Amino acid sequence: MSAEWVTRIRSNPLFRERAFVDGDWIDADGGETQPIDNPASRETIGQVPRLGAAETRRAVEAADRAMKAWRRQTAEARGVILYRWYELMLEHEDTLAAIMTLEQGKPLAEAAGEIRYAASFLKWFAEEARRAYGRTIPPANPDQHIVVIRQPIGVCAAITPWNFPSSMITRKAGAALAAGCSMVVKPASATPYSALALAELASRAGVPAGVFSVVTGSAREIAGEMTANPLVRKVSFTGSTEVGSELMRQAATHVQKISLELGGNAPFVVFDDADLDAAVDGAIAAKFRNTGQTCVCVNRFYVQDSVHDAFVGKLKERIENLRLGDGFDPSSEIAPLINQEAVDKVLSHVADATAGGAEVVAGGELDARGGNYVLPTLLTGVRQSMQVMQEETFGPVVAVSTFATEEEAIDLANDTPFGLAAYFYSENVRRVWRVAEAIEAGMIGINAGLISNAAAPFGGVKSSGLGREGAMEGLDEYLETKYLLMG
Ligand code: NAP
């Protein structure tokens, strides 16, 4: 099925196979390229340039030059360009979604949903640009005036993951450009085409050359230059905790400001006073979005003893009816995983759980098609010490454990170094407040399985990261505070 799409998409002007630096489409200095695969078929879709430190340095220098004029534009003028970029994304939603499905695998309708979500950050920050407010402070000395102003931090670098190839870029670039910064983006090697299509649309929207560049290629070399170059004043990373903490070390060299949106290990707690049907709907939404490959996906289910069997029974029925298939098949609800490594990790978590005594109630293996197609899986009798509860599985596996009391549920939910998202279901308003305040996470879904929204601050605590994206906090990340004392 996706073979026909490859031909169709490759001929679209938004499908670009060169990097975008300082307003030009470029190749690597030495002509090196790297292949991009379709997760559904494992066939190669095309190539992108494999840039390294030298090309990244030129992108950073161009960003520095371009920012001088960009920051002097009014916030309203920058907002108008961001709004145009937003409109262009919506005008080209079908093409952008198809490019994403081709390289990332997610079902086409879900990819279109991500394009709208990604565009919503451009709209949000187009409006927020005008709200980079400062303040005045009553001085201690009557002959003085204290004024606080907010200024763009400088050239920004972004490194983004493959699971949300568009929205993880606009969430950063929308805020940076609104604040008056310029940005060089390194997209994940698995999903560069979504990023390059965004660059084409940014250019059409009127984003000046150098203000937004996309460098594809070697993660180590590009990130190495981004953190070694003193022109870069801010690094924003979304990806694994392991790479994030390494980047934090590198960013220390020039004391660059850093934002980290890292891995999660989200708990989903079902109390005995929950609306079980709503909890099952929420569980499906929070677990199977992007086939379980999202940082806010549920990784651990804790269900109160008395409702365990009823919850598992309802969930099993829903999981067995989920349709797994090529993302271009309109009937597919979940899709192949990104690559073999992801398949291996998911199956090894299932094997570890079953070796420890967990029961496979549904799935638990590769689909008959093989490749990256893993069946949606339900495990019960899972223990806290198992890999599936300790590490992000990043796949379509529901791992269910039980608890007896509210206190135990909170302890289990917090028993992790991570703290990105958490979910719980309860109809008791006192419990809702107690549990929401006690769970250590940056974001809590209360009787809700989908929490992402451009207007809300997205981010984690503990090993899940630093800083927030979206909301008014998102703009703050790209602004420096300067205090002026007038005598
Ligand atoms: P990853 O391996 O950390 O990769 C993320 C990005 O970092 C990619 O662009 C990758 O480039 C780059 N990278 C890899 N090694 C690097 C290095 N040594 N130095 C600098 N950059 C390097 O993560 P992933 O597998 O793509 O994404 C999944 C992870 O992201 C999960 O843990 C998920 O929870 C997390 N995530 C978090 C959020 C959030 O908002 N908190 C959102 C989405 C995803 P290459 O692709 O070229 O290797």
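All values derive from a computational prediction rather than experimental measurement.

Draft legend 1. Region of interest: the overall build of the protein. In terms of regular secondary structure, the protein is built from 16 helices and 22 strands. Its C-alpha atoms give the protein a radius of gyration of 23 Å, within 12% of the compact-globule value 23 Å for 487 residues. Scored against the burial criterion, the 487 residues of the protein give a buried share of 56%. Carbon and sulfur atoms make up 51% of the accessible area of the protein, which totals about 18,800 Å².

Draft legend 2. Up close: the site of the ligand. Neighbouring residues of the ligand: 28 residues in total, closest T160, S189, S240, L262 and E392. One of the backbone nitrogen or oxygen atoms of G239 is found 3.3 Å away from an oxygen atom of the ligand. E261 has a polar side-chain atom sitting 3.4 Å from an oxygen atom of the ligand. For the ligand, whose free accessible area comes to 900 Å², the fraction covered by protein is 85%. Here the shell around the ligand gets three residues from one element, more than from any other, and that element is helix 8 (residues 219-228). Of the residues that constitute the shell around the ligand, the class distribution is 15 nonpolar, eight polar and five charged.

Draft legend 3. Local environment of the packing of helix 5 (residues 108-128) against helix 6 (residues 167-179). Orientation of helix 5 relative to helix 6, taken along the N-to-C sense of each, is 10°, at an axis distance of 8 Å. Between helix 5 and helix 6, the crossing angle belongs to the class labelled roughly parallel. Between helix 5 and helix 6, the contacting residues are E114, Y117, A118, F121, L122 and F125 on the first element and S167, T170, R171, G174, A175 and A178 on the second. A class-by-class count of the residues in the contact of helix 5 with helix 6 yields seven nonpolar, three polar and two charged.

Draft legend 4. Molecular detail of the environment of E17. Structurally, E17 is set in the loop between helix 1 (2-10) and strand 1 (19-21). E17 sits in the partly exposed class, given a relative accessible area of 27%. Residues E17 and D27 lie 10 residues apart in sequence; the distance between their C-alpha atoms is 8.8 Å. Leaving out residues up to four positions away in the same chain, E17 has contacts with R10, G46, Q47, V48, P49 and Y193. A polar contact is formed between the side chain of E17 and the side chain of R10, at a distance of 2.8 Å. Only 3.3 Å separates the side chain of E17 from the side chain of Y193, close enough to count as a polar contact.

Draft legend 5. Examining a negative patch on the surface more closely. There is a patch of like negative charges on the surface, built from D305, E407, E408, D411 and D415. Looking at the negative patch, the element that brings in the most residues is helix 14 (residues 406-414), giving three residues. Here E407 lies in helix 14. Residue E407 is classed as exposed on the basis of its relative accessible area, which comes to 60%.

Draft legend 6. Broad picture of the packing of helix 14 against helix 15 (residues 429-438). Taken N-terminus to C-terminus, the directions of helix 14 and helix 15 make an angle of 30°; their axes are 10 Å apart at the nearest point. One element, helix 14, and the other, helix 15, form an angle in the roughly parallel class. The chirality of how helix 14 crosses helix 15 is right-handed. Contact residues: E406, I410 and N414 in helix 14; R431, R434, V435 and A438 in helix 15. For the contact of helix 14 with helix 15, the class distribution of residues is three nonpolar, one polar and three charged.

Draft legend 7. Region of interest: the sheet that holds strand 13 (residues 298-304). Taken together, seven strands build an open sheet; the order of strands is 14-15-16-13-12-18-19 and the sheet is mixed. If you trace the sheet from one side to the other, it starts and ends with strand 14 (359-362) and strand 19 (443-446), each paired once. Within the sheet, the average angular offset between the axes of one strand and its neighbour, ignoring direction, is 25°. Sheet topology places strand 14 next to strand 15 (residues 377-380); three bridges connect them, and they run antiparallel. Each residue of the ladder has a partner; that of E359, found in strand 15, is T380. Contacting strand 12 (266-270), strand 13, strand 16 (397-403) and strand 18 (421-425), helix 10 (residues 276-288) crosses the sheet at an angle of about 170° to strand 12. Helix 12 (residues 340-355) contacts strand 14, strand 15 and strand 16 of the sheet and is inclined by roughly 25° relative to strand 15.

Draft legend 8. A look at the side chain of Q384. Among the structural elements, Q384 can be located in the loop between strand 15 and helix 13 (387-390). A distance of 2.7 Å separates the side chain of Q384 from the side chain of Y302, its partner in a polar contact. Polar contacts involving the side chain of Q384 include one to the side chain of D415, which spans 3.1 Å. If sequence neighbours within four positions are ignored, Q384 has contacts with R300, Y302, M389, Q390, L412 and D415.

Draft legend 9. Up close: unusual backbone geometry. One non-glycine residue, N447, lies in the positive phi region at around 55°. Tracing the backbone through its elements, the reader meets N447 in the loop between strand 19 and strand 20 (461-462). Under the relative-accessibility criterion, N447 is labelled partly exposed at 32%. Positioned with a positive phi, A471 is a non-glycine residue whose angle comes to about 60°.

About the thresholds
The written sequence of each chain sets the order in which its residues are numbered from 1. Local features in this predicted model are restricted to residues of pLDDT 70 or higher, and side-chain atom pairs are both shown and tallied only at a pLDDT of 80 or more, whereas totals for entire chains, interfaces and linings draw on every residue. Side-chain numbers here rest on the full set of heavy atoms in the structure, without hydrogens or water. The helix and strand labels rest on DSSP assignments: H or I over at least four residues marks a helix, E over at least two residues marks a strand, and numbering proceeds from the N terminus. Each radius of gyration reported is based on C-alpha atoms, and the globular scaling rule is 2.2 Å times the count of residues to the power 0.38. In this scheme, a residue with accessible area under 20% of its type's maximum is buried, one over 50% is exposed, and one in between is partly exposed, where area comes from a 1.4 Å probe on protein chains only. Note on areas: these come from Shrake-Rupley sampling with a 1.4 Å probe, and a residue is covered only by the protein chains present in the view. Near is defined per residue: the residue qualifies when any heavy atom it owns lies within 4 Å of the molecule or strand. Whenever two N or O atoms come within 3.5 Å, that pair is a polar contact, provided that in protein one can donate a hydrogen and the other can accept it, and provided that, for residues adjacent in sequence, both atoms are side-chain atoms. Each residue gets one of three labels, nonpolar for Ala, Val, Leu, Ile, Met, Phe, Trp, Tyr, Cys and Pro, charged for Asp, Glu, Lys and Arg, and polar for the others, Gly among them. For helices, the fitted axis covers only the stretch in contact; all axes are lines through C-alpha atoms, and the angles between them, taken along N-to-C directions, range from 0 to 180 degrees. An angle below 35 degrees is treated as roughly parallel, one above 145 as roughly antiparallel, one from 65 to 115 as roughly perpendicular, and anything else as oblique. We call two residues in contact whenever any of their non-hydrogen atoms come within 4.5 Å of each other. For patches, a residue must show more than 30% relative accessible area and have no salt bridge; joins then use 9 Å for like charges and 5 Å for nonpolar side chains, namely Val, Leu, Ile, Met, Phe, Trp and Tyr. Whenever Lys or Arg places a side-chain nitrogen within 4 Å of a carboxyl oxygen from Asp or Glu, that contact is recorded as a salt bridge. Think of it this way: Lys and Arg go in the positive column, Asp and Glu in the negative one, and His and the chain ends go nowhere. A charged residue contributes its charge at one atom only: NZ of Lys, CZ of Arg, CG of Asp or CD of Glu. Handedness of each helix crossing follows the sense of rotation of the near helix against the far helix: counterclockwise by less than a right angle gives left-handed, clockwise gives right-handed. Two strands are counted as paired when DSSP detects at least two bridges linking them.

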